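Descriptive structure summary
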Amino acid sequence: MASNENNGDNRIKKTLDFENKIILAPMVRIGSFPMRYMSLKYGADYVCTSEIVDKRLITSTRIVNKKLGTIDYMNKERIEFRTTDYEKGRVILQLGTCDPDLALKAAKHVEQDVAAIDVNCGCPKRFSVIGGMGAALLAHPDKIIAILTNLVNNLSVPVTCKIRLLNTYEETIDLVKRIEATGVAAITVHCRRKKELEKDPGHWDVFKLIRDAVKIPVIANGDIFNYNDMEKIKKISNVNSFMMARAAQNNPSIFRKEGVLPKLDVVKEYSRLCAKYDMPYQNAKYALLCIWKDHQDKVGYSLVKSKSVLDICKSVDEEEYYHKVLKERNEKDEELDEEARAKQEEIYADQCPYIPRAPYIPKNLKHGIEDEFEDKEKENDVNNSNNTEEKENSIINNNQTTSSSTMNTEDNKNKKIKLV
Ligand SMILES: Cc1cc2nc3c(=O)[nH]c(=O)nc-3n(C[C@H](O)[C@H](O)[C@H](O)COP(=O)(O)O)c2cc1C
């Protein structure tokens, strides 16, 4: 059960360094592994996943995917979260939640693979608020506090929180202070109110008020499109770190200090990553079209028509790369199959040499079982008649014999224990 407001004892015990960091913001449908990989490669210090709903994480199975070199959290065919060593210690998983206990269960399930857990208290999109999550939580500060407190008190990784502004700055600062008291490692402030749209200018002036009101690191978010913007905000507010969303959605090389790369290079690299890490094409297509949206040309047209990662790679002239990684993956598959087969043979040779794939039979019983098997073989021979009816009976008998010799091992054991 969720405990009440934290007295601050756990604060900063587990943290990440949030001084002068640049972070990829959580973005639904955008923040999958290729976007995070490229953001890190080009200079982001940390990257957030898209919001992942607690219940989806809880039901997912963690799989060490040797074929791809990834760790996957899967619900059947659906990838909820795919990560690799490349982002170890740098990936912040954003939870969509409105329940302290579900939040904890979900976070516990993934804590070994993430650098921190962020709670989404700011996204006003329908999919989030409809379940009482995201910006809907801003109307229920007690719930925010209960969720954060439960996470902070029970996780081995730091917890952060991302909010939007409340109606007044005073209310916002009160909330931020309460959030700080839960022991979170940092707070991200998207400087817009719930009802304000992307095209409405962000309120950068709030950052200084918040920075002055709390001791924990404050991460500024909203209308930051380049390093110049960060410098400007730093000057007026002295916030600790920065988070960018749309600028990265538009071109993940935005994190490069030397300047952005041409979009063609970026979409090619993104497509190669989708091939290498076997990403779902629908998601890849959406992210690529966000990058390529200003170009209405052959590449754009071909991306729109894509129905597979191969189509995507063809669109950007990376077909050869696609086939190369597919070949490597198939070879890896065979190698892993071979390994698994060898392992199984070893197990069976050691544990049960006489009835392959039968349940485990202790070694000291194996001679007894062998005798039993020979008896059954003899029985089968007798049943081998030319008469059809008898043949059918024989098949039934054989089946019963096989099942009794493999399934009724308890009987066999009881019988043979006396012999050994
Ligand atoms: C495509 C898209 C998806 C988003 N999804 C999320 C999300 O899952 N969780 C969240 O907290 N914010 C989400 N946001 C909001 C961003 O994280 C960020 O707060 C907002 O876009 C302002 O930052 P910007 O001015 O750098 O774009 C999303 C924004 C975009 C553009």
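Once a new chain begins, its residue numbering starts again from 1 and follows that chain's sequence as written. Residue-level local features of this predicted model are given only where pLDDT is at least 70; pairs of side-chain atoms are given and counted only at 80 or more, and the full residue set underlies all totals for whole chains, interfaces and linings.

The name an unreviewed UniProt entry assigns to the protein chain is FMN-linked oxidoreductase, from the organism Piromyces finnis.

1. Brief notes about the overall build of the protein chain
Secondary structure elements follow DSSP: runs of H or I of four or more residues count as helices, runs of E of two or more count as strands, with numbering from the N terminus. Per the secondary structure count, the protein chain includes 17 helices and 11 strands. By the criterion used throughout, residues are in contact when their C-beta atoms, derived from the backbone, lie within 7 Å. Across the protein chain, every contact between residues at least 6 apart in sequence was considered, and the portion connecting residues at least 24 apart equals 66%.

2. Considering the packing of helix α3 (residues 100–110) against helix α5 (residues 141–154)
Throughout, an axis means a line fitted to C-alpha atoms (over the contacting stretch in the case of helices), and angles, computed between N-to-C directions, take values from 0 to 180 degrees. In the contact formed by α3 and α5, the axes pass within 8 Å of each other and the chain directions differ by 35°. In the crossing of α3 with α5, the sense of the turn from one axis to the other is right-handed. For the pair α3 and α5, the contacting residues are P100, A103, L104 and A107 in the first and A146, I147, N150, L151 and N154 in the second. For this classification, the nonpolar set comprises Ala, Val, Leu, Ile, Met, Phe, Trp, Tyr, Cys and Pro, the charged set comprises Asp, Glu, Lys and Arg, and every other residue, Gly included, is treated as polar. Of the residues in the contact of α3 with α5, the class split is 7 nonpolar, 2 polar and no charged. Crossings are assigned a handedness: left-handed for a near helix turned anticlockwise from the far helix by less than a right angle, right-handed for a clockwise turn.

3. Structural notes on the packing of helix α10 (residues 263–276) against helix α11 (residues 281–292)
α11 packs onto α10 with a crossing angle of 175° between their chain directions and a minimal axis gap of 10 Å. Classified by the interaxial angle, the pair formed by α10 and α11 is roughly antiparallel. Contact residues: α10 offers K263, V266, V267, Y270, S271 and C274, while α11 offers A284, A287, L288, I291 and W292. Across the contact of α10 with α11, the residue classes break down as 9 nonpolar, 1 polar and 1 charged. For this classification, under 35 degrees means roughly parallel, over 145 means roughly antiparallel, 65 to 115 means roughly perpendicular, and everything else is oblique.

4. With respect to the sheet that holds strand β10 (residues 218–221)
One bridge is not enough; two strands pair if DSSP finds at least two bridges between them. One closed barrel accounts for 8 strands, arranged β1-β2-β6-β7-β8-β9-β10-β11; its pairing is parallel. Each strand axis lies, on average, 30° off the axis of its neighbour in the sheet, ignoring direction. Taken together, the 5 bridges between strand β7 (residues 116–121) and strand β8 (residues 159–165) define a ladder with parallel strand orientation. Looking at β8, one finds that D118 is bridged to T160.

5. Things to note about the site of the ligand
Each residue receives a C-beta atom built from its backbone; the residue is near a molecule or strand if that atom lies within 6 Å of it. Looking at the ligand, there are 22 residues lining it, with A25, M27, E51, A245 and R246 nearest. Of all elements in the fold, only β2 (46–53) and α9 (246–250) reach the threshold of two or more residues within the shell around the ligand. Among the elements that line the shell around the ligand, the one with the most residues is α9, at 3 residues. Split into classes, the residues belonging to the shell around the ligand amount to 10 nonpolar, 8 polar and 4 charged.

6. Some details on the sheet that holds strand β3 (residues 61–65)
Read from one edge of the open sheet, 3 strands run β3-β4-β5, paired in antiparallel fashion. Both edges of this open sheet fall to β3 and β5 (78–83), since each of them pairs with a single strand only. Adjacent strand axes in the sheet meet at a mean angle of 25°, parallel and antiparallel pairs treated alike. Looking at chain direction, β3 and strand β4 (residues 70–75) are connected through 5 bridges and run antiparallel. Across the sheet, the residue bridging to I63 is D72, located in β4.

7. So, the pairing of strand β11 (residues 241–244)
Put plainly, a residue is buried at 20 or more neighbouring C-beta atoms within 10 Å of its own, exposed at 12 or fewer, and partly exposed in between, counting only other residues' C-beta atoms, which are placed from the backbone. Here β11 shows no split at all, with S241 and M243 on one side and F242 and M244 on the other all buried. As defined by bridge partners, strand β1 (residues 22–24) adjoins β11 across 3 bridges and the pair is classed as parallel. Looking at β11, one finds that I23 is bridged to M243. As judged from the 3 bridges shared by β10 and β11, these two strands associate in the parallel manner. Residue pairing in the sheet places N221 in a bridge with M243 of β11.

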